[in-house]
Amino acid sequence: MLRDLWTTAAAALFILSSSTPVLGTAVQLDERAPSSFTSCLTASKVKTLTASSSGYSTAALAFNRRLAYKPAAIVYPTSKTDVSAVVNCAAGSGVPVVARSGGHSYAAYGLGGKDGALVVDLSSMKSLSLDSTGLLSSQTGNRLGDVAQYLWDNGKRALPHGTCPYVGTGGHASYGGFGLYGRTAGLLLDRIVSAEVVIANGTVLTASNTTHSDLFWALRGAAPSYGIVTSWTFSTLAAPSTLTNYWYTFSSTISNANAISVIMAFQNFAASNPTKQLACLAEIGVSDGHMYIAISGTYYGSKTDFTTAIKPLQDAFPANVGMKLTTKSRDWYTGLTDFTGPLSTSGPDVYDTFFAKSVVSATAYSKTSVTNWVNYMIQQDKTWGSKLWWWVEVDMYGGVISQVPETATSYAHRDATLNFQFYGGTPNDGKDPWVGQGGIDFMNGLVSSLVANPTGAYPNYIDPTLTADQWHSLYFAGNFQRLTQLKTAWDPNNVFSFPQSIPLAA
């Protein structure tokens, strides 16, 4: 659905926890010939595709067809031993390594984000097991739909996560994992109890709060920079027995002034940090020359309690805006699929051709800012409405997410009130080619017309056009310095590398 602070490596190692291994000083990697790399992969007996292989071209297609990269090889391990073997092959030859879980990285980082990477495709590693205490062991080839369906079928259990069934659990959990249930139950990464991970020297470790705790901290917010997580262990929850889904719609000819009032009401309601049982999101765009706004979400409880919880927002809507409210009382499964659609991932995945950005804010924006934003959308849609299928989704944060200390994990946005996703894709279900730099400029304007200097962004809506200083700050904020120190400790040769991977400490 619709945050650079540097330190010396010596200082870095001084402040790290005692569980950090000494992997050796960062040295020049072996300059082996490409044939040695390929021979190593062949000897590993792991299924491998290279540029000369049948099926390589299809396997190397990005979810975001605006981008195209040529991996050095794509491998399909079936075990942690396989993953260890191929990581050693790449590390010995100086080939950067990336993991591909579901392949939905907006910047195609699951393909390396540049040519020449080893792609470790985890789609053949999909084991799931649930123990009597509610701990779920899930290999990272599983997608969100696979996990949700399994949990429902095995004791009506649940986890907080996003609403696209085909999104992989690897990246989603690594960088946050926000979804409708998040204000009630936290981010998906907040439910991680441990991680089985292959690190840069090929060692397989289990990281948790009690074992390799520094690595565990880094994995929960930036995992792909530190290793390949082959399995997560999550602490699941009993699925709520009753929930209420709701949808607000407004007149298709709503005036700009009233649209601004509705957006302000939504923002201010989010800033009031309403009950954690309430999920709420706004979809904003332009349709036929008029602002389009829809507000929807889930209340994890009865319709009566929902009515009480939502009243401050509804009372703040202006009169005569054609407001219509639809509600549905649901069980967990039906309520989830109202938003996700079918959970099955057995069919072919879809793709798109798009550019996206995000803004995470701890406060509501001023009426002046929102007015400027609405005016920009109305004016620019005259040019871009026929060239891009564009929209903005604004998720209400807070609740349980904000109760976790900012430094408890490497995820950096615990104080967030709102998360804006700005998305523009080409027509014809993304089959039309990208519209060039003008489309990126338009999308950048969607952000700058609202806020000139954002202070945060969501790394699962990754933007590859950000400068290094920008993404260091926007994605990781005050956690960035420690992340570079841990990168130096755990991956001194920068084996796990892509354009916005955590760099070694300077």
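Residues numbered from 1 in each chain as written. Predicted model: local features only at pLDDT ≥ 70, side-chain atom pairs only at ≥ 80, totals over all residues. Heavy atoms only, no water.

A. The overall build of the chain, seen in detail. Within the chain one finds 15 helices and 18 strands. For a compact globule of 506 residues, the expected C-alpha radius of gyration is about 23 Å, and the chain comes in at 23 Å, within 12% of that figure. In terms of its C-alpha atoms, the chain occupies a principal-axis envelope of roughly 70 × 55 × 45 Å. Side chains of the chain carry 31 positive and 31 negative charges; the gap between the two charge centres is 3 Å. (Helix = DSSP H or I, 4+ residues; strand = E, 2+ residues; numbered from the N terminus. Rg over C-alpha atoms; globule rule 2.2 N^0.38 Å. Lys, Arg positive; Asp, Glu negative; His and termini not counted. Charge placed at Lys NZ, Arg CZ, Asp CG, Glu CD.)

B. Fine view of the pattern of salt bridges. Inspection of the entire model under this criterion finds nine salt bridges. In this structure, Asp349 and Arg143 form a salt bridge, with 3.1 Å as the shortest nitrogen-oxygen distance. Of this pair, Asp349 sits in the loop between α11 (332-340) and β16 (354-361) while Arg143 is found in the loop between β6 (135-139) and α5 (144-153), placing the two residues 206 residues apart along the sequence. In this structure Arg143 comes out as buried when scored by relative accessible area, which is 17%. A salt bridge links Lys311 to Asp315, with the nearest nitrogen and oxygen atoms 2.6 Å apart. Here Lys311 and its partner Asp315 are both found in helix α10 (residues 303-316), four residues apart, which amounts to about one turn of the helix. (Salt bridge = Lys/Arg side-chain N within 4 Å of Asp/Glu carboxyl O. Buried < 20%, exposed > 50% of the residue type's maximum accessible area, 1.4 Å probe, protein only.)

C. Quick peek at the confidence of the model for the chain. Here the chain averages 93 in pLDDT, and 93% of its residues register 70 or above. The low-confidence segment residues 1-33, where pLDDT is below 50, has 82 contacts with residues more than four positions distant or belonging to other chains. (pLDDT = per-residue confidence, 0-100. Contact = heavy atoms within 4.5 Å.)

D. Structural context of the sheet that holds β16. If you trace the seven strands from one edge of the open sheet to the other, you get β15-β12-β14-β13-β17-β18-β16, paired in antiparallel fashion. Edge positions in the open sheet fall to β15 (324-330) and β16, since each of these has one partner strand only. Ignoring which end each strand starts from, the neighbouring axes of this sheet average 15° apart. Bridge count for strand β13 (residues 278-287) against strand β14 (residues 290-299) is ten bridges, and the pairing is antiparallel. Within β14, the residue paired with Ala282 across the bridge is Ile295. Contacting β13, β14, β17 (389-396) and β18 (418-425), helix α9 (residues 256-271) runs over the sheet at an angle of about 25° to β14. (Pairing = 2+ DSSP bridges. Axes fitted to C-alpha atoms, helices over the stretch in contact; angles between N-to-C directions.)

E. Region of interest: the sheet that holds strand β10 (residues 228-235). If you walk across this open sheet you meet the five strands as β5-β6-β10-β8-β9, and the pairing is antiparallel. Bordering the open sheet on either side are β5 (128-130) and β9 (204-208), each of which pairs with just one other strand. Going across the sheet, the axis of each strand differs from the next one's by a mean of 15°, ignoring polarity. Relative to β6, β5 runs antiparallel, the two sharing three bridges. Bridging across to β6, Ser129 finds its partner in Ser137. Across the sheet, helix α4 (residues 80-93) lies against β8 (192-198), β9 and β10, angled at about 50° from β8, the strand it touches most. Here helix α8 (residues 213-222) sits on the sheet in contact with β8, β9 and β10, set at roughly 100° to β8.

F. A look at the nonpolar core. The biggest cluster of nonpolar side chains holds 72 residues, and the ones touching the most others in it are Leu215, Leu219, Tyr226 and Phe476. It is α8 that contributes the most residues to this core, six residues altogether. The residues contacting Tyr226, other than those within four sequence positions of it, are Ile199, Leu215, Ala218, Leu219, Leu483, Thr484, Leu486, Lys487, Trp490, Phe496 and Ile502. If you look at the next biggest cluster of nonpolar residues, it comprises 54 residues, including Tyr365, Val392, Val394 and Met396. (Core = buried A, V, L, I, M, F, W, Y, C linked by side-chain atoms within 4.5 Å.)

G. Region of the structure containing α11. Among the residues making up α11, those that are buried are Trp332, Gly335, Leu336, Phe339 and Thr340. Looking straight down α11, one finds that the buried residues subtend no more than 125° of arc, so they occupy a single side. Packed against the buried residues of α11 are α5, β7 (157-158), β12 (243-249), β14 and β15. N-capping of α11 is provided by Asp331, with a side-chain oxygen placed 3.3 Å from the backbone N of Tyr333. Backbone geometry just downstream of α11 places Gly341 in the positive-phi region, at approximately 75°. (Arc of directions from axis to C-beta. Polar contact = N/O pair within 3.5 Å; in protein donor to acceptor, adjacent residues only side chain to side chain.)

H. Molecular detail of the packing of α9 against α10. Relative orientation of the contacting elements α9 and α10 amounts to 150°, with a least axis distance of 8 Å. Taken together, the axes of α9 and α10 lie roughly antiparallel to each other. The element α9 and its partner α10 pack so that their crossing is right-handed. Within the contact between the two elements, α9 uses Ala265, Phe266 and Phe269 and α10 uses Ala309, Ile310, Pro312, Leu313 and Ala316. The class makeup of the residues in the contact of α9 with α10 is eight nonpolar, no polar and no charged. (Parallel < 35°, antiparallel > 145°, perpendicular 65-115°, else oblique. Left-handed = near helix turned anticlockwise from the far one by under 90°. Nonpolar A, V, L, I, M, F, W, Y, C, P; charged D, E, K, R; others polar.)

I. Here's a closer look at the packing of helix α12 (residues 367-384) against helix α13 (residues 437-448). Look at α12 against α13: their axes get within 10 Å of each other, and the N-to-C directions meet at 165°. What the angle tells us is that α12 and α13 run roughly antiparallel. α13 is crossed by α12, and the crossing has left-handed handedness. Between α12 and α13, the contacting residues are Trp373, Tyr376, Met377, Gln380 and Trp384 on the first element and Gly438, Gly439, Asp441, Phe442, Gly445 and Leu446 on the second. Of the residues contributing to the contact of α12 with α13, the split by class is six nonpolar, four polar and one charged.

J. Highlighting the packing of aromatic side chains. Under the counting rule described, the total for this entry stands at 32 aromatic pairs. Relative to Tyr423, the ring of Trp391 lies with its centre 4.8 Å away and its plane at 5°, an arrangement referred to as stacked. Separated by 32 residues along the polypeptide, Trp391 in strand β17 and Tyr423 in strand β18 bring together distant segments of the chain. Both residues of the pair, Trp391 and Tyr423, belong to the buried class. Aromatic pair Tyr458 and Tyr461: ring centres 4.9 Å apart, planes at 85°, arrangement edge-to-face. The pair formed by Tyr458 and Tyr461 is uniform in burial state, with each residue classed as buried. Joined through ring pairs, the aromatic side chains of Phe63, Tyr106, Phe354, Trp389, Trp391, Tyr423, Tyr458 and Tyr461 make up one cluster. (Phe/Tyr/Trp six-rings, centres within 6.5 Å; stacked < 30°, edge-to-face > 60°.)

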